Amino acid sequence: MAEITASMVKDLREKTDAPMMECKKALTEAGGDMAKAEEILRVKLGNKASKAASRVTAEGIVGVHIAADGKTGAMVELNCETDFVAKNDDFQGFAKAVAALIASAAPADVEALSGLSLDGVSVEERRKALIGKIGENMTVRRFVRVAAKGKVLSYVHGGSRIGVLVDVEGGDEALGKDLAMQIAASKPVSLDRTGVPDALIEKERSIATQKAAESGKPADIIAKMVEGTVQKYLKEVTLLGQPFVKDDKQTVEQLLKARAAKVHAFTLYVVGEGIEKKQSDFAAEVAAQAAAAAAR
């Protein structure tokens, strides 16, 4: 049997990013054949990834990349199972590398992104290898690529759990950063009123109508109360209608007008938003295990 040296294990680890013991086992099984060992590892790591695939990934980070000319930007949400793994250097490095790849290659969707080459292997293979190395399920949930009409500015907050890309024309970089921070803090639904979904407006109108009806006032007064509430809501959930965080005496729209600037679009990602997290009842689990033990 061929001798498995430390340098062979090191070389295989660098190629596959797999744990050292897994590399040694694969080389032993392959009789020292590096190519065969790499194939064995990919099968094993792929199996690990398949076993992990059913586990919920509601934690993670947002990776951001802005091209040197400031005209192209990309943002990706990479999810994992725990906050601990979200802080892992390899996990964070993967998110940044994927964001840079999105900016340069402009894939159509997550499926297309998965097939792109990243450091000689596909993004999907890198994902599976990272699952095998760290032991948690990981998913590329969503991404956006911005080809700006103005300039792309970004802001990442809360340990990279909140990310913003904003396309700003005019003004300066400081203004763009301020706007990106405003979006992260106030989380507007859209740029202006035209972007607010009708369903949200109707829901707000329905709640306002029910509350106003309890006042016992005449119908025409109630109608005005409802309309006033809806208009207030629209100001709160649109970027242009919100008070500027650094000077609440003016709205963002007024600020932009004063600075001869314009926001063309923005994207806000909050990690795990809309994902239902599994709630575990520790006491119930212990009781169930005790009952099972007693039955045996």
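As the structure is a computational prediction, the values presented were derived from the model and not from experiment.

Draft legend 1. Local environment of the overall build of the chain. Along the backbone of the chain there are 12 helices and 10 strands. Here the contacts in the chain between residues at least 6 apart in sequence split such that 62% fall between residues at least 24 apart. Here the chain has roughly 16300 Å² of accessible surface; of this, 53% comes from carbon and sulfur atoms.

Draft legend 2. Structural detail: unusual backbone geometry. One non-glycine residue, S160, lies in the positive phi region at around 70 degrees. If you trace the backbone, S160 turns up in the loop between β6 (151-157) and β7 (162-169). One non-glycine residue, A260, lies in positive phi territory at about 50 degrees. Here A260 is to be found in the loop between α11 (252-258) and β10 (262-270).

Draft legend 3. Examining the packing of aromatic side chains more closely. Across all of its chains, the model carries 0 aromatic pairs by this definition. The ring of Y269 has R142 lying over it, and the distance from NZ or CZ to the ring centre is 4.1 Å.

Draft legend 4. Expanded view of the pattern of salt bridges. Tallied over the entire structure, the rule returns 12 salt bridges. In this structure, D83 and K87 form a salt bridge, with 3.4 Å as the shortest nitrogen-oxygen distance. The exposure class assigned to D83 is partly exposed, which follows from its relative accessible area of 36%. Close ionic contact of D90 with K133 constitutes a salt bridge, the shortest N to O distance being 2.5 Å. Taken together, the residues span a long stretch of sequence, with D90 in helix α5 (residues 89-105) and K133 in helix α7 (residues 123-134) at a distance of 43 residues. Each of E77, R141 and R142 takes part in salt bridges that share partners, so that together they form one network.

Draft legend 5. Fine view of helix α2 (residues 20-29). Looking only at α2, the buried set comprises E22, C23, A26 and L27. Down the axis of α2, the buried set is contained in an arc of 135 degrees. They therefore lie on one face. The exposed set on the far side of α2, more than 90 degrees from its buried face, consists of M20, M21 and E29.

Draft legend 6. Spatial organisation of the side chain of S154. Its location among the elements puts S154 in strand β6. Residue class for S154 comes out buried when judged on its relative accessible area of 15%. In this view, S154 contacts V64, I66, V164, L165, K177 and A180; residues no more than four positions away in its chain are not counted.

Draft legend 7. A look at the sheet that holds β10. The antiparallel open sheet is built from 3 strands, whose spatial order is β6-β7-β10. Among the strands making up the open sheet, the edge pair consists of β6 and β10. Looking at each pair of strands side by side, their axes are set apart by 15 degrees on average, direction ignored. For β7 and β10, the ladder comprises 8 bridges, and the chain directions are antiparallel. Bridge pairing in β10 places L165 opposite T267.

Draft legend 8. Spotlight on the nonpolar core. One finds V98 and L113 to be the most contacted residues of the largest nonpolar core, which totals 23 residues. Elements that contribute at least two residues to this core include exactly β2 (72-80), α4 (83-86), α5, α7 and β5 (139-147). The element contributing the most residues to this core is α5, with 8 residues. Once residues lying within four places of it in the same chain are set aside, the contact partners of V98 are V76, L113, L118 and V123. Counting 22 residues, the second-largest nonpolar core is a separate cluster that includes I162, L191, A261 and L268.

Draft legend 9. Representation of the side chain of S190 within the structure. Topologically, S190 is positioned in the loop between α8 (173-186) and α9 (198-213). Of note is the side chain of S190, whose polar atom sits 2.6 Å from the backbone oxygen of D192. Filtering out sequence-adjacent residues up to four positions away, S190 remains in contact with G195, V196, V237, T238, L239 and F266.

Draft legend 10. Inspection of the packing of α5 against α7 at higher detail. The N-to-C vectors of α5 and α7 enclose an angle of 175 degrees; their axes lie 11 Å apart at closest approach. With respect to α7, the element α5 is oriented roughly antiparallel. Counting all contacts with α5, which are made through D90, F91, F94, V98 and L101, the residues of α7 involved are V123, R126, R127, L130 and K133. Across the contact of α5 with α7, the residue classes tally to 6 nonpolar, no polar and 4 charged.

Draft legend 11. Region of the structure containing the sheet that holds strand β1 (residues 59-66). Pairing within the open sheet is antiparallel, and its 3 strands lie in the order β1-β2-β5. The strands lining the two open edges of the sheet, one partner per strand, are β1 and β5. Averaged over all pairs of adjacent strands, the angle between strand axes in this sheet comes to 10 degrees, irrespective of strand direction. Looking at chain direction, β1 and β2 are connected through 8 bridges and run antiparallel. Bridge pairing links G63 to V76 in β2. In the packing of α5 onto the sheet, contacts are made with β1, β2 and β5, and the angle to β2 comes to roughly 145 degrees.

Calculation notes
- Residues numbered from 1 in each chain as written.
- Predicted model: local features only at pLDDT ≥ 70, side-chain atom pairs only at ≥ 80, totals over all residues.
- Heavy atoms only, no water.
- Helix = DSSP H or I, 4+ residues; strand = E, 2+ residues; numbered from the N terminus.
- Contact = heavy atoms within 4.5 Å.
- Areas by Shrake-Rupley, 256 points an atom, 1.4 Å probe, with all protein chains shown as cover.
- Phe/Tyr/Trp six-rings, centres within 6.5 Å; stacked < 30°, edge-to-face > 60°.
- Lys NZ or Arg CZ within 6 Å of the ring centre and 35° of its normal.
- Salt bridge = Lys/Arg side-chain N within 4 Å of Asp/Glu carboxyl O.
- Buried < 20%, exposed > 50% of the residue type's maximum accessible area, 1.4 Å probe, protein only.
- Arc of directions from axis to C-beta.
- Pairing = 2+ DSSP bridges.
- Axes fitted to C-alpha atoms, helices over the stretch in contact; angles between N-to-C directions.
- Core = buried A, V, L, I, M, F, W, Y, C linked by side-chain atoms within 4.5 Å.
- Polar contact = N/O pair within 3.5 Å; in protein donor to acceptor, adjacent residues only side chain to side chain.
- Parallel < 35°, antiparallel > 145°, perpendicular 65-115°, else oblique.
- Nonpolar A, V, L, I, M, F, W, Y, C, P; charged D, E, K, R; others polar.

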